[in-house]
Amino acid sequence: MHDVREIETWILRLLSAPVCVPGKTRVELELLPRELHAPLTFALPDHTRFSLIDFPLHLPLELLGVESCLKVLTIIFLEQKVLLQSRDNNALSMSVLAFVSMIYPLEYMFPVIPLLPTCMNCSEQLLLAPTPFIIGIPASFLLYKKHFGLPDDVWLIDLDANKITSPPACEEIPPLPEPECTILKNHLKQALASMSPQPPPPRSMEEVQREKAQQQYSPATHYNPFIYGNDVDSVDIATRVAMVRFFNSQNILANFTEHTRTLRLYPRPVVAFQINSFLRSRPRATPFLNMFARTQAVEFLAEWSLTPSNMAFLRVNTGVFDPTLIGDKSKWYAHTLEPIGFRVWQDGSSLGATLRAGTRVDNPPTDESGSDSEGGESTSSSYSSLSDFVSEMQSSDLSPGCGAATEKEKATLSSGLDPRSVFHPPSCLQLPGAASSDSGKE
């Protein structure tokens, strides 16, 4: 019971960890003594950097290829109903989230479901929604819904087979404008080609800049100014930069704010987007742009760009592509933040001593019960089977028929630990200059 109490204490202290302030502080969390495990660093980017994405943004590019991925993005740009399916639920859900994140600075205005479970009763009815959506389903979803027919206005994308099935009731999707489409394809292909399965050795920014300058003036090299490394995080930033530059091109949304008019600022801004003047200002009129300019994402962009919550796209438009300046991962900016230390483990805890011991066992048990003798009985307090555990639960005070527990009993855990003596969640943010969090007090 003592070990259970220590584990519960450790969990409650973990839940009491402070919260980092974006762009100001980083939290250094000591889960275990430093000689056993290095502290974990948590930090959030400020509004001048890309928002934090904790999954591989380039995953759809790897699964579908650049050509098919841009076809899916075009469908999403024009706010069609999109259904993605795969046998890999993890890749499926991350691909759905990646597609939504890749349209920044636009915002997807309709329902997004990364994974719609097959076992949920009547879950297929969600596919009948009258609004656009992006929904991920397991590959077996439609097979189990035998009496359900897929609506004739839903695009089906198979991530496993790299196949896009167009609905019979939808018009043909127009291609992206040129030359912007070709430029975007080249940048995305170069970003994927630069990715290495092994993390690159650390290099200074001076070395990176020198190498890129040599590539820029070499006629035999296809220079991509968006790529600052061959690791996964740098490729994700290069992908996001390429998408922002695509939206800011002349045949897409360049000088977009010149065609907006602010009608009201309070209590919520009301901005009118002048579509006709916007379309006349484009160098080339294309069917895609005619449809794209009438989407709700573009309409909301007119309002959002008045007071944007994230400024990364503005920095990209001014030529800032370096991940150290706009990257979302803490490795690029954590060193500039003020550290806030928090120690989860406590002095005198047997948990650390147990982990130090590791797998060093003098007399390893030979039988299933954990006893090192042939006839000895186990002295362990654990239950030998699930049926014994259920029987014990039925005869314990946790059974509904054994009377209501007192308030004091409700406030304590199974080990007798009072959570109020350990659990102290942060009530406010610790700003730079504040004292470091407790490293060992109760």
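Reading the values: the criteria
- Residues numbered from 1 in each chain as written.
- Predicted model: local features only at pLDDT ≥ 70, side-chain atom pairs only at ≥ 80, totals over all residues.
- Heavy atoms only, no water.
- pLDDT = per-residue confidence, 0-100.
- Contact = heavy atoms within 4.5 Å.
- Helix = DSSP H or I, 4+ residues; strand = E, 2+ residues; numbered from the N terminus.
- Buried < 20%, exposed > 50% of the residue type's maximum accessible area, 1.4 Å probe, protein only.
- Polar contact = N/O pair within 3.5 Å; in protein donor to acceptor, adjacent residues only side chain to side chain.
- Expected span 1.5 Å × (residues − 1).
- Pairing = 2+ DSSP bridges.
- Axes fitted to C-alpha atoms, helices over the stretch in contact; angles between N-to-C directions.
- Core = buried A, V, L, I, M, F, W, Y, C linked by side-chain atoms within 4.5 Å.
- Parallel < 35°, antiparallel > 145°, perpendicular 65-115°, else oblique.
- Left-handed = near helix turned anticlockwise from the far one by under 90°.
- Nonpolar A, V, L, I, M, F, W, Y, C, P; charged D, E, K, R; others polar.

**Points about the confidence of the model for the protein chain**
Piece 1. Here the protein chain averages 80 in pLDDT, and 74% of its residues register 70 or above.
Piece 2. Low pLDDT (under 50) marks residues 215-223, which in the prediction has six contacts with non-local residues, meaning those over four places away or in another chain.
Piece 3. The low-confidence segment residues 397-403 (pLDDT under 50) makes five contacts with residues lying over four places distant or belonging to another chain.

**A few points about the side chain of Asp 231**
Piece 1. Its location among the elements puts Asp 231 in the loop between helix 6 (205-216) and helix 7 (232-247).
Piece 2. Taking relative accessible area as the criterion, Asp 231 reaches 14% and is therefore assigned buried.
Piece 3. A polar atom in the side chain of Asp 231 sits 2.8 Å from the side chain of Lys 331.

**What about helix 3 (residues 89-102)?**
Piece 1. Counted at 1.5 Å a residue, the expected span for helix 3 with its 14 residues is 20 Å, and the 20 Å between its end C-alpha atoms agrees.
Piece 2. Turning to helix 3, its buried residues are Ala 91, Leu 92, Ser 93, Met 94, Ser 95, Val 96, Ala 98, Phe 99 and Met 102.
Piece 3. Buried positions along helix 3 lie against helix 2 (59-77), strand 3 (81-86), strand 4 (112-113), strand 5 (134-138) and helix 7.
Piece 4. Here helix 3 starts with a cap whose side-chain oxygen sits 3.0 Å from the backbone nitrogen of Asn 90, and that cap is Asp 88.

**Structural notes on the sheet that holds strand 10 (residues 338-343)**
Piece 1. Within the open sheet, the three strands sit side by side as 2-1-10. Their pairing is mixed. Edge positions in the sheet fall to strand 2 (40-42) and strand 10, since each of these pairs with one other strand and no more. Between one strand and the next, the sheet's axes are offset by a mean angle of 25 degrees, whatever the strand orientation.
Piece 2. Here strand 1 (residues 25-30) runs beside strand 2; their pairing, made up of three bridges, is antiparallel.

**Concerning the nonpolar core**
Piece 1. Formed by 77 residues in total, the largest nonpolar core has its most connected members in Phe 50, Leu 73, Phe 77, Leu 84, Phe 247, Leu 253 and Phe 292.
Piece 2. The leading source of residues in this core is helix 2, at eleven residues.
Piece 3. In contact with Leu 84, not counting residues within four places along its chain, are Leu 92, Val 96, Phe 99, Ile 134, Ile 135, Gly 136, Ile 137, Ile 157 and Leu 159.
Piece 4. Core analysis: the next-biggest nonpolar cluster, separate from the first, contains ten residues, Leu 116, Phe 133, Phe 141 and Val 154 among them.

**So, the packing of helix 2 against helix 3**
Piece 1. In contact at an axis separation of 11 Å, helix 2 and helix 3 are set at 50 degrees when each is read in the N-to-C sense. As summarised for this structure, helix 2 and helix 3 are arranged oblique, according to the angle between their axes. Where helix 2 crosses over helix 3, the handedness of that crossing is right-handed. In contact with Leu 59, Pro 60, Leu 63, Leu 64, Cys 69, Val 72, Leu 73 and Ile 76 of helix 2, helix 3 contributes Ala 91, Met 94, Ser 95, Ala 98, Phe 99 and Met 102.
Piece 2. Of the residues that constitute the contact of helix 2 with helix 3, the class distribution is 13 nonpolar, one polar and no charged.

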